[in-house]
Amino acid sequence: GAGVSQSPRYKVAKRGQDVALRCDPISGHVSLFWYQQALGQGPEFLTYFQNEAQLDKSGLPSDRFFAERPEGSVSTLKIQRTQQEDSAVYLCASSLGGRGSQAFFGQGTRLTVV
Amino acid sequence: KNEVEQSPQNLTAQEGEFITINCSYSVGISALHWLQQHPGGGIVSLFMLSSGKKKHGRLIATINIQEKHSSLHITASHPRDSAVYICAVPGGTGNQFYFGTGTSLTVIP
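Each chain has its residues counted from 1, running along the sequence as written. Each chain is given a letter, starting from A, and each ligand a number, starting from 1, according to the order in which they appear as written. Given that this is a predicted model, residues contribute local features only at a pLDDT of at least 70 and side-chain atom pairs are listed and counted only at 80 or more, while totals for whole chains, interfaces and linings are drawn from all residues. Only hydrogens and water are set aside when side-chain values are computed; all heavy atoms of the structure are taken into account.

Caption draft 1: Inspection of the overall build of chain B at higher detail. When helices and strands are counted, chain B shows 0 helices and 11 strands. Each helix is a run of DSSP H or I of at least 4 residues and each strand a run of E of at least 2, with the numbering of both proceeding from the N terminus. Secondary structure elements in chain B, listed N-terminal to C-terminal, are β-β-β-β-β-β-β-β-β-β-β. All radius of gyration figures rest on C-alpha atoms, and the globule criterion is 2.2 Å times the number of residues raised to 0.38. For 109 residues, the compact-globule estimate of 2.2 N^0.38 gives 13 Å, and the C-alpha radius of gyration of chain B, at 13 Å, lies within 12% of that figure. Structurally, chain B occupies a C-alpha span of about 45 × 30 × 20 Å along its principal axes. Working definition: with a 1.4 Å probe on protein chains only, accessible area under 20% of the residue-type maximum means buried, over 50% means exposed, and in between means partly exposed. Classification of the 109 residues of chain B by burial places 46% in the buried group. The contact rule is simple, with two residues in contact once any of their heavy atoms fall within 4.5 Å. Long-range pairs, those at least 24 residues apart, make up 53% of the contacts in chain B with a sequence separation of at least 6. His is not counted, nor are the chain ends; Lys and Arg add positive charge and Asp and Glu add negative charge. A charged residue contributes its charge at one atom only: NZ of Lys, CZ of Arg, CG of Asp or CD of Glu. Chain B carries 7 positive and 6 negative side-chain charges, and their two centres are separated by 9 Å.

If you want it as structure tokens, here you go:
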């Protein structure tokens, strides 16, 4: 596609439910990032992939968060046993790679845990 | 400690006003990004710059690498410019970005 695509755009989950958020990066982009953005805050880094390799997952807030990119293209962020504090916008970005290369962002998935 | 600081946090302007948003950072960088985020959450990249000044329409971005400071200017502001403007710099391992908390701009007709 022409840009980074995320789905769903909105997700309401009951506390304790598992959710899966999908990111389709721009074709050919090596780097893929996931960010979590709480209301009124800037995005916070969660994890980074270079192709299929997850090179940095230092930002994942707990072991309930898991991300994968098995074929080096589409990525899924999974949150198990969701809690209210997981409510946020989850942003995906991709880039060609290389330090400082321009990142292109998806529209985000707004997760609300009730 | 925040690697990226933005000011102001909130800004209300009358249509037509000249607007300036400031960004200071503490890490060494190769380039700085200005991003625009609309209420739905989607982020659009406005500028990536490593020196001097860039202009796109009514938007102007400047950077002073020595002072670790960048500004985003909007000339002849319009209500459709209302959004959150975020400054971001690359950092950490793996090409991640550090983001400012954003400046929420509201332009009143």
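Caption draft 2: Molecular detail of the interface of chain A and chain B. Taken together, the contact pairs 23 residues of chain A with 25 residues of chain B. Whenever Lys or Arg places a side-chain nitrogen within 4 Å of a carboxyl oxygen from Asp or Glu, that contact is recorded as a salt bridge. Along the contact surface separating chain A from chain B lie 0 salt bridges. By the criterion applied in these results, polar contacts are pairs of N or O atoms within 3.5 Å in which, for protein atoms, one can donate a hydrogen and the other can accept it, and in which residues neighboring in sequence qualify only through two side-chain atoms. Connecting chain A to chain B are 2 residue pairs in polar contact (both at pLDDT 80 or more). Elements with a contribution of two residues or more to the side of chain A that touches chain B: β4 (31–37) and β5 (44–50) of chain A. Broken down by element, the side of chain A that touches chain B gets its largest block of residues, 4 residues, from β4(A).

Caption draft 3: Looking closely at the side chain of A:Gln37. Structurally, A:Gln37 is set in strand β4. In this structure A:Gln37 comes out as buried when scored by relative accessible area, which is 9%. In terms of polar contacts, A:Gln37 uses its side chain to reach the backbone carbonyl oxygen of A:Gln41, at 2.8 Å. There is a polar contact of 2.7 Å between the side chain of A:Gln37 and the side chain of B:Gln37. Setting aside chain neighbours within four positions, we find A:Gln37 in contact with A:Gly42, A:Pro43, A:Ala88, A:Val89, A:Leu91, B:Gln37 and B:Ile86.

Caption draft 4: Geometry of the state of the cysteines. All names here are of chain B. For this text, the term disulfide refers to a pair of cysteine sulfurs within 2.5 Å. Taken as a whole and assessed by the stated rule, the structure comprises 2 disulfides over all chains. Each sulfur in the disulfide pair cysteine 23 and cysteine 87 lies 1.9 Å from the other. Between cysteine 23 and cysteine 87, the S-S torsion sits near -60°, and that sign places the bridge as left-handed. Pair noted here: cysteine 23 is in strand β3 (residues 19–25) and cysteine 87 is in strand β9 (residues 83–91), with a separation of 64 residues, a long-range link. Cysteine 87 carries the same exposure label as cysteine 23, and that label is buried.

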